Structures are given as structure tokens and as C-alpha cells.
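# Analysis of the macromolecular model
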Amino acid sequence: MSDSTAQSSTSGPRAKDPGRVLIFDTTLRDGEQSPGASLNLEEKLTIAQQLSRLGVDIIEAGFPFASPGDFEAVQRIARSVGSQDGPTICGLARAARADIKACAEAIAPAARSRIHTFIATSDIHLRHKLRKSRKEVLEIVPEMVAYACSFCADVEFSCEDAGRSDPEFLYPVIEAAIAAGATTINIPDTVGYTTPAEFGALIAAIDANVPSIDQAVISVHGHNDLGLAVANFLEAVKNGARQLECTINGIGERAGNAALEELVMAMHVRRQYFNLFLGRPLECPDPLTAIRTEEIHKTSRLVSNLTGMSVQPNKAIVGANAFAHESGIHQDGVLKNRLTYEIMDARTVGLMDNRISLGKLSGRRAFRSRLEALGYNLSNEDLNAAFARFKELADRKRDITDRDLEAIVSDQSQQVEATFSLELVQVSCGTNMHPTATVTLRNIDGEDHTAAAIGTGPVDAVCQALNHLAAVPNELVEFSVKSVTAGIDSMGEVSIRLRHGGRLYSGYGADTDVVVASAKAFVSALNRLVATTRAAGLNPQQAEDCLEAGRGV
Ligand code: KIV
Ligand code: ZN
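Parameters and conventions
Residues numbered from 1 in each chain as written. Chains lettered and ligands numbered in written order. Predicted model: local features only at pLDDT ≥ 70, side-chain atom pairs only at ≥ 80, totals over all residues. Heavy atoms only, no water. UniProt positions renumbered as here; feature names shortened; annotations may be inferred. Helix = DSSP H or I, 4+ residues; strand = E, 2+ residues; numbered from the N terminus. Contact = heavy atoms within 4.5 Å. Buried < 20%, exposed > 50% of the residue type's maximum accessible area, 1.4 Å probe, protein only. Polar contact = N/O pair within 3.5 Å; in protein donor to acceptor, adjacent residues only side chain to side chain. Phe/Tyr/Trp six-rings, centres within 6.5 Å; stacked < 30°, edge-to-face > 60°. Lys NZ or Arg CZ within 6 Å of the ring centre and 35° of its normal. Near = heavy atom within 4 Å. Areas by Shrake-Rupley, 256 points an atom, 1.4 Å probe, with all protein chains shown as cover. Nonpolar A, V, L, I, M, F, W, Y, C, P; charged D, E, K, R; others polar. Pairing = 2+ DSSP bridges. Axes fitted to C-alpha atoms, helices over the stretch in contact; angles between N-to-C directions. Patch = residues over 30% accessible without salt bridge, like charges linked within 9 Å, V, L, I, M, F, W, Y side chains within 5 Å. Salt bridge = Lys/Arg side-chain N within 4 Å of Asp/Glu carboxyl O. Right-handed = clockwise from strand over helix to strand, strands pointing away.

## Re the UniProt feature "binding site: Mn(2+)" (unreviewed entry) in the protein
As recorded in UniProt, the sites labelled "binding site: Mn(2+)" (unreviewed entry) are Asp30, His221, His223 and Asn257. In terms of the greatest pairwise C-alpha distance, the residues named above, spread along 228 residues, form a tight cluster of at most 10.2 Å across. On the secondary structure map, Asp30 appears in the loop between strand E1 (22–25) and helix H2 (41–54). Contact partners of Asp30, with chain neighbours within four places excluded, come to His221, His223, Gly252, Glu253 and Asn257. Within the fold, Asn257 resides in the loop between strand E8 (243–246) and helix H10 (260–269). When its relative accessible area of 1% is taken as the criterion, Asn257 is described as buried. With residues up to four places along the chain from it excluded, the contact list for Asn257 reads Thr26, Asp30, His221, Gly222, His223, Asn224, Thr247, Gly250, Ile251 and Gly252. Here Asp30 takes part through its side chain, which lies 3.2 Å from a polar atom of the side chain of Asn257.

## Thoughts on the packing of aromatic side chains
Tallied over the full model, the rule gives 6 aromatic pairs. It is Arg97 that lies over the ring of Tyr147; its NZ or CZ is 4.4 Å from the centre.

## Remarks on the site of ligand 1
Neighbouring ligand 1 are the residues Arg29, Asp30, His116, Phe118, Ser158, Glu160, Asn186, Pro188, Thr190, His221 and His223. Note that an oxygen atom of ligand 1 is positioned 2.9 Å from one of the side-chain N or O atoms of Arg29. One of the side-chain nitrogen or oxygen atoms of Asp30 is found 3.1 Å away from an oxygen atom of ligand 1. Against a free-state accessible area of 260 Å², the protein chains account for coverage of 94% of ligand 1. Looking at the shell around ligand 1, the elements with two or more residues in it are strand E4 (113–120), strand E5 (155–160) and strand E6 (184–189). Classifying every residue of the shell around ligand 1 gives 2 nonpolar, 6 polar and 3 charged.

## A look at the sheet that holds strand E13 (residues 448–454)
By way of backbone hydrogen bonds, the strands of a sheet pair with one another, either parallel or antiparallel. Across the sheet, which stays open at both edges, the 3 strands sit in the order E11-E12-E13 with antiparallel pairing between neighbours. The open sheet has two edge strands, strand E11 (421–428) and E13, and neither has a second partner. Neighbouring strand axes in the sheet, compared pairwise and without regard to direction, differ in orientation by 15° on average. As judged from the 7 bridges shared by E11 and strand E12 (residues 436–442), these two strands associate in the antiparallel manner. Bridge pairing in E12 places Leu422 opposite Leu441.

## Quick notes on a nonpolar patch on the surface
Where nonpolar side chains cluster on the molecular surface, the patch consists of Leu476, Phe479, Val481 and Val514 and spans about 300 Å² of accessible area. Considering every element that reaches the nonpolar patch, the biggest residue donor is strand E14 (residues 475–483), with 3 residues. Among the secondary structure elements, Leu476 is positioned in strand E14.

## Section: the pairing of strand E3 (residues 88–94)
Burial runs high along E3: 7 of the 7 residues are buried. Neither face of E3 is exposed, since Thr88, Cys90, Leu92 and Arg94 on one face and Ile89, Gly91 and Ala93 on the opposite face are all buried. Relative to E3, strand E2 (residues 58–62) runs parallel, the two sharing 4 bridges. The residue bridging Ile58 from the neighbouring strand is Thr88, located in E3. Each parallel crossover has a hand, and for E2 linked through helix H3 (residues 68–80) to E3 it is right-handed. Where E3 lies against E4, 6 bridges are found, and the strand directions are parallel. Opposite Gly91, over in E4, you have Ile115 as the bridge partner.

This is the structure:
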């Protein structure tokens, strides 16, 4: 990027310039659209609370019109996380009255709330999806933005598929949205099609060609189909974007969204480089975002545990190997001076802070206060259950670390809203015998049912016995075990994904016994499957499909 571009994007007073880069987290909306990542209400609340501790500016909590479950989740998050000094709570709405009204109601309890409304602007979407002309879209935009503004002063408007839209059409659409009251204009690369130079140029062109653009914050949203989302966003920042829509671990529709942790750390590590583009002096020490970077790792683990979407080991910033040095030459260099092969300190993202916190003799009060320090505020009932789990673990494991506590809380939040609860698991296996499992499941009416099965291994035997009892057809498509901490007495974490009716359902379980952890993970995935089928909750894409098919949602 030439210096002249840096100059043009920062010159002149901008009424709406936040002076830094706002982080808009959409893990609970776009992230939850990842196949198999659906979350229950308690899990959404837990993640929203952690996002607030992480310091995101805006939480997109869901799509209220999509289903009663989504509506309730957004409303609960607005009520309990949207405090005066907390993040803005945002809901998504198509550019349609019923969507906008539902969204306004759901976000109303938050001290600071936002309606995010969108309509497609690319010719491909207009012709094949909306079946509307440019003229019609240009009429809908100001009408719906003004309608949203009648409920909420903070309105974001998105031109869906902006990355493939004709800029000459985008300019008047954006101008109309701003005139009708939109305070943030979002430019999504919905299908992850653009390259960094193109995306940067699009933002610069919008900045230059929309006369009222200084009345709004320019935001970007993008998918990772070509692996370019983060690079595209950084180029957008250089050209005037001041809000980034991203998700933890980059989860989201198809190849996912831009990863929050990568964006934030790129701007943290390369602050001097980005300072100039924000019109700051080169050496300005102020952070470019409000993110508390030490919370990054914890947030990543929480999202991975609750969504069942494992993080690949070589993933930047949060992967298990992100700070590991394997080759002798690198190890030698790092021992001599860390700067030889490290561009950031693992502690900056909260990685090394895995203190031994509690032991067998620790009481309930110490347990509660450590959980609170870790950011978990459990209800009395949940605290009692978690404390019982902790005591059980402390009998088997000498030192309990913060990671163990996180695993207990994640495991427990999977039990909420359960149709089935696991009451007993017994396996016998070894050389020269058939692995056999006996399991007891309690159903929603409190009745216990027991079954036994033989499998190819102990986990297979357990899953077969559970399947026999639950009687919900499914296919196990993913199974991963990892240890929470080092050491032979460590807890094992199991993530499972089941496929049913073309959809994926994930489950998580933690225990010092990996067979028990597997059984818990399997039951939590079954519970999700049953709950989703029952509620028939729809995500935005499905709602869209219903709309196109002429059905209501
Ligand atoms: O990808 C997309 O275009 C979206 C919009 C709703 C912002 O998710
Ligand atoms: Zn998206």
C-alpha cells in the first residue's frame, strides 16, 4: 500500500471515526451457522459473558426472527451481558418489517443495542435469490433502515455480497442507508471471493465516492473460502474500515469467518505499521483495539469446547503448536534469545497462565472465587454441581489447574436442557476379549433404561449401547480425544460430531476416564440432536430458504 493511500484514508475529519478499530464479534450468529456448531441457551450466555471479558465492542448475539430459541438467546444476552459498561448487543434482521421488529424487541433490554439489517446488492443475488431489480432494492433500503431507526438509534446496514456487487450500485445504496439513519455501513465479502488488494480498493472507493460516508463507521465482514479473510480485513483497515466483523477461532458458514484472534494480534504485533493508517504517530503506544489479549486463549478453548469444533494444531495464535519450537536450530535460537524465532510472547494471549489453583482440601468458597476470577459466575445450582465434579476430580488428581476447572464448567454446561442424562458407564476390555459396555440413560421423565453392547473397542461399545437406548438414527463422523493438561492423571476431553438428516451435531465431555468422557460427549451430541429436531430452530440460511420458498419462519 503506497503512502498516498494511507494519507487519503486518514485525511480530513470524520464525524464517526471511533479513533481505533472496533471489534464486532459474530461467533454467536455467523459462527453458530457452522455445521454442527449449534449452541444451547446456557452455552450462548457463557460465551457472551466471556466475549464481554475479552473486551469486544459489539456482540452479534443471533438472528431473533429465525426461531423462538434465537429470539430468547438474544434477549437473555441483552439482559445479562448488555450492561452500561458492557458491549453493545446486536441482532441480525433481514430488510423486512417482521424481522426488524423481532430484532428490536430482543435487543431492547441491553443498555446499548444495535439492529443489523441487510439486503443483497450483487446482480447474482438480485436476479436469482431476491428476484428484484436494483431500483426495488434502492427503495427497500431507506425504508427498512428508517424503520429500524424508529426502534434503535444504532443501526448497521449491510450490502450482502458486496464483494461481488457493482460499486456503482453500492454507492447510492450506501448513501441512501446513511440518509435514512444508518450509523455503520458493513461491506461483506459474503462468498470469500475477493483478494486483499481488491477488497482494500473497494473500501477506498466507497470512502471516496459516497459523499456522506464520514457520517458512518465503515465495517467489513468476510468469509474465508480462499483463506484470505484476515488479509482482506487488514487491507480494509488500511483503507478506512474501522469495524471488523469476526469470530473466535474463525468459525462460521462454510470455511468460516475472519478469525478475531488473528486480526487482533496482527494489529497488536504490527501496531507501528498500522498506526500510520489510523492517522497516529508511528510510535503511538495506544492499542488499536479494546481487546484484552490475555483472554484470547481462554475464549478460544471455551468456544471450541462448547461448539465441539476443534482448533487445528497449527492454527495461528490459538493452535496447540502456535508457540511450540520443534527443530533443534529453532530451540537453540530461542534458548539464546526468544526474539530469534518468536514475534509474540505466549503470555500476551494468556497461554502460559495455567496456574495450579486448587487441591483436594480446597473448599466451596475457594472454588467459587477461583471460578469467578476465571470469569465464570455460576448459579448456586450449577456451582453445587460443578463443586461435586471438582471434588470427584480432586480424589483422582492431586493438583487441579485452571484448565481443569474450565473443562469441568464446559462439560457441565452441556448437561443443561438435556433429554438424556448419563447415569452409568461400565466397560470391560483388554486382550483376548470382546470390548463390552453397559450404560444407563435417564430420560426426561426420570426413567432409567439400561443396555449392553459389544463393540470394536470400548468407546464403540459404549456408543452402540447408547444408540440402542436413545433410538435416534445417527452416524458418528468425528471423534477426537485430547488431554486437558500434561501428566498421566490428566483429564481427557472428547469432542464428537454426529450426523443426522444431513446436519451435524457436536458434543463435548471431560473426565479422567476417556471412555466416560466419550460417553458424556456422545450423550451431549444426542441431546443437541433431539433438542434441535424438536425445536426445529432455523439459522439465517434456512430462514432465507423458507422465505424464498414462500413459507414463513
Ligand atoms: O456473510 C454475510 O454477508 C453475512 C451478512 C448477513 C452480514 O453474514
Ligand atoms: Zn457472513
